[in-house]
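Chain by chain, the residues run as shown.
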Amino acid sequence: MTLEELDKKYVLQTYNRNYTNFVKGEGSTLFAENGDDYIDFASGIAVNSVGHNNPTLVKALQEQVEKIIHISNLQVIEPQAKLAEKICTLANYDGAIFFANSGAEANEGAIKIARKYGETKFEKKRYKVITLEHSFHGRTITTVKATGQESFHSPNFSPYPAGFSYVDGLDAVYENLDDETVAVMIELVQGEGGVQPFEKEAIQKLAQYLKEREVLLIVDEVQTGIYRTGAMLASNMYEIEPDIITMAKGLGGGVPIGAVMTKHKDVLVAGDHGSTFGGNYLSTRAGLAVLEVLSDMYESGKLTETLAYFTVKLKEIQKKYSHLFTQEVGLGLMRGLRAKDNDTMKAVLTKAMEKRVIVLSAGRNTVRFLPSLTITASEIDEGFKRFEEAITSL
Ligand SMILES: *Cc1c(COP(=O)(O)O)cnc(C)c1O
């Protein structure tokens, strides 16, 4: 059997897969089995934050694997405690962290914290969670219900948990709050929803309003977090202090990890929540190595330089090909080009792959760029050269 046949026979077909077999990666370049090189502008959907085969990450993992990969959370785990401290310090956040294994799981943790807060803190129970249209919060039954896109709420998976509603835009949040609302959950840049950032003033206003009413603000930073937008957290860029922040994608550099961080440290107590794998030696050691690389880049100004360079290139493409792309959107190294329609977006993705540069799609007909934060200027140049070759014929 070919690899494609094997996959189609034995793997549940939940993805529309491309069948290029990648066997090695180096920085932001991926190599296929036949030796072809591809520029990786996707980094595994914002996961390979420090690129492929990053020496600091590889060395940390090798050292850790030879010692302990995993014990249970019934023992203290040194890299877990250190990673929690590191995240709080870099995010300048006075909180504590629970470690999970994915973004959806981190959001589940956030919702559990909010629900218990709403149950125990007020005379009248608060349990409702408001989210936004075009949002994405995960694929579990609860987080899919929290996702503000009707297409995700297929009756095939019903019934869904009660207490979730989504509204169109930040202004609509105010009208929809009631005395049973416990939390509002938002992304600061809607990733899957089209790489759409919200206005800083509007976010700050909402944060203040919710705080006055003791309604929790949950910020889903699964995609925006870990320097993706140019700061440790998008919340740092927006200068807000949410009650709960979730992270995942870029944190482990490819090793599965999720994290929920809150300033309400006393809400969950022993027995309230748990995870077999969450925060084990392997994933938290990975997180420490990733943050070592990225915080150095941030402090030296290298990250700002990289994202400025990438932005200039992307803006040039949008201007030159404005018949294809109506708008350039995003923040930091989370960016997109709005295609004029869905067919154009799809054609761009196909052509880009043919020219060996990997980009992604997102909502609102967006061609999405999520390169590694360690991408070099020459990889950016080469990637955009190929991208232009791909789209000139369209
Ligand atoms: C990817 C993503 C998730 C889901 O993360 P998984 O690791 O796939 O469960 C949740 N929220 C946002 C904003 C995301 O981008």
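Residues numbered from 1 in each chain as written. Predicted model: local features only at pLDDT ≥ 70, side-chain atom pairs only at ≥ 80, totals over all residues. Heavy atoms only, no water.

Which residues make up the overall build of the protein, and what values go with them?
What the protein contains, in helices and strands, is 13 helices and 17 strands. Its C-alpha atoms give the protein a radius of gyration of 21 Å, within 12% of the compact-globule value 21 Å for 394 residues. Once the C-alpha set of the protein is aligned to its principal axes, its extents read approximately 65 × 50 × 50 Å. Looking at the protein residue by residue over its 394 residues, the buried ones come to 51%. On the protein, roughly 18,000 Å² of surface is accessible, and the fraction owed to carbon and sulfur atoms is 51%. The averaged location of the 52 negative side-chain charges in the protein is 1 Å from the averaged location of its 43 positive side-chain charges. (Helix = DSSP H or I, 4+ residues; strand = E, 2+ residues; numbered from the N terminus. Rg over C-alpha atoms; globule rule 2.2 N^0.38 Å. Buried < 20%, exposed > 50% of the residue type's maximum accessible area, 1.4 Å probe, protein only. Areas by Shrake-Rupley, 256 points an atom, 1.4 Å probe, with all protein chains shown as cover. Lys, Arg positive; Asp, Glu negative; His and termini not counted. Charge placed at Lys NZ, Arg CZ, Asp CG, Glu CD.)

If you had to explain the pattern of salt bridges to someone new, which residues and values would you point to?
In a structure, side chains of opposite charge can pair up when their charged atoms sit close to one another. Under the criterion given, the structure shown has 25 salt bridges. Ionic pairing is found between Arg-368 and Glu-192, a salt bridge with its closest N-O pair at 3.0 Å. Of this pair, Arg-368 sits in strand β17 (residues 366-369) while Glu-192 sits in the loop between β8 (189-190) and β9 (196-197), and the two are 176 residues apart along the sequence. For the salt bridge of Glu-328 with Arg-335, the shortest nitrogen-to-oxygen distance reads 2.8 Å. Of the residues examined, Arg-335 reaches a relative accessible area of 8% and is grouped as buried. (Salt bridge = Lys/Arg side-chain N within 4 Å of Asp/Glu carboxyl O.)

Account for the layout of surface pockets, naming residues and giving values.
If you add up the space inside the second largest pocket, you get close to 520 Å³. Contributing to the lining of the second largest pocket are 20 residues, with Ile-97, Phe-98, Phe-99, Leu-268 and His-273 lying nearest its centre. Among the elements of the structure, α4 (78-90), β4 (96-100) and β12 (258-262) are those that each provide at least two residues to the lining of the second largest pocket. Tallying contributions element by element places β4 first for the lining of the second largest pocket, with four residues. Grouping the amino acids of the lining of the second largest pocket by side-chain chemistry returns eleven nonpolar, eight polar and one charged. (1 Å grid on protein atoms, 1.4 Å probe; cavity = no way out; pocket = protein on both sides within 12 Å on 5 of 7 lines; lining within 4 Å. Points joined across faces, edges and corners; volume = space filled by probe spheres on them. Nonpolar A, V, L, I, M, F, W, Y, C, P; charged D, E, K, R; others polar.)

Any chance you could break down the site of the ligand for me, citing the residues and the numbers?
If you check the shell around the ligand, you find Ser-102, Gly-103, Ala-104, Asn-107, Phe-136, His-137, Gly-138, Glu-187, Asp-220, Val-222, Gln-223 and Lys-249 and nothing else. In the environment of the ligand, an oxygen atom lies 2.7 Å from a nitrogen or oxygen atom belonging to the side chain of Gln-223. One nitrogen or oxygen atom from the side chain of Lys-249 is found 2.5 Å from an oxygen atom belonging to the ligand. Burial of the ligand by the protein amounts to 82% of the accessible area it has alone, namely 380 Å². Of all the elements, helix α5 (residues 103-120) adds the most residues to the shell around the ligand, at three residues. Within the shell around the ligand, the residues separate by chemical class into three nonpolar, six polar and three charged. (Near = heavy atom within 4 Å. Polar contact = N/O pair within 3.5 Å; in protein donor to acceptor, adjacent residues only side chain to side chain.)

I'd like a rundown of the domain arrangement of the protein, residues and numbers included.
Often, the extent of an interface is quoted as the loss of accessible area upon association of its parts. Once the domains are mapped, the protein shows domain 1 (3-53 + 301-391) and domain 2 (57-299). Between the C-alpha centres of domain 1 and domain 2 the distance comes to 25 Å. Taking both partners together, domain 1 and domain 2 bury about 2,500 Å²; carbon and sulfur atoms supply 63% of that area. Among the residues of domain 1 in contact with domain 2, Leu-331, Met-334 and Arg-364 are the three that bury the most area, contributing 26% of the side total. At the boundary of domain 1 with domain 2, the tally comes to one salt bridge. (Domains from an automatic or database assignment. Buried area = accessible area lost by both parts, 1.4 Å probe.)

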